[in-house]
Amino acid sequence: MFPPIRYSVLRIVVICATCVLGLRSSSASSGEIYSYTGPTYSARDCTGTYVANCTSDHVSGSFYTTLSLSQLEDLTSYSMPASDVKGFMFSDGNGVHLSDANATLSQLAVTTDSSGNIDWWVLSLRGADGSFLFTSSCLTSTCPGGGTGGLDGSGTSEMDSGSTIFEPFGQHWSAPQSTDALIPEASGGFLVGTGLLLLANFGLFRRHFQRDKLLQA
């Protein structure tokens, strides 16, 4: 007796349809990722355990916002609410490694150009263990006294920390990267899933067929 082919085909269709729906729901939550790389710390601004490696420590990391690229264009001192930030991960290369799993995003505000690139920012993180990390810049129109400057800093405590003052020019922030590039196409996922399931069910069919031939012999 042959195995229930109709049931196997139905199972393939149901599972693949579920995979496609899952991929589409993932695409619905797409957004943009920004990555940051700051300058190395200044030796005169390091204390405690940070003194030894100060000139190699620096703030780096990224955050993921659910806002689309069009929503991120031409913003002015926009303070992102928690609902706009899906995740973040930052480090100083030393004792601080903060993410949405172990830290709170105290503040995130940006000014962007017509392409969504960040040219002014304030970001502050606080870890559950008391560690902290921040990076900020200002333009001539927003700096106290009309000056320009940027400030990065981090530490496991106020006594063990490092920081640096810098001119906020250059490519500190990457251009926004769409998370759609990280999500496979639904049609591609459907075809791959279908192929794998067909192979699995063909093997099952063959085993049933060989068993029935042995029983009949």
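Our structure's up above, just so we're on the same page.
Residues numbered from 1 in each chain as written. Predicted model: local features only at pLDDT ≥ 70, side-chain atom pairs only at ≥ 80, totals over all residues. Heavy atoms only, no water.

Draft legend 1. Just the side chain of Thr-135, in detail. Along the chain, Thr-135 falls in strand β8 (residues 132–138). Of note is the side chain of Thr-135, whose polar atom sits 3.0 Å from the side chain of Tyr-36. Side-chain polar atoms of Thr-135 contact the side chain of Trp-121, separated by 2.9 Å. Thr-135 has contacts with Tyr-36, Trp-121, Val-122, Leu-123, Leu-151 and Asp-152, leaving out every residue within four places of it along the chain. (Helix = DSSP H or I, 4+ residues; strand = E, 2+ residues; numbered from the N terminus. Polar contact = N/O pair within 3.5 Å; in protein donor to acceptor, adjacent residues only side chain to side chain. Contact = heavy atoms within 4.5 Å.)

Draft legend 2. Structural view of the pairing of strand β1 (residues 32–37). In terms of strand pairing, β1 meets strand β2 (residues 60–65) through six bridges, oriented antiparallel. If you follow Glu-32 over to β2, its bridge partner there is Thr-65. Bridge analysis of β1 against strand β11 (residues 177–178) gives two bridges, and the strand direction is antiparallel. Looking across to β11, one finds that Glu-32 is bridged to Ser-178. (Pairing = 2+ DSSP bridges.)

Draft legend 3. Region of the structure containing the sheet that holds strand β4 (residues 85–91). Overall, antiparallel pairing links the five strands, which are arranged β5-β4-β2-β1-β11 in an open sheet. Both edges of this open sheet fall to β5 (97–99) and β11, since each of them pairs with a single strand only. Relative to β5, β4 runs antiparallel, the two being bridged by three bridges. Across the sheet, residue Phe-90 finds its bridge partner in β5, namely Leu-98.

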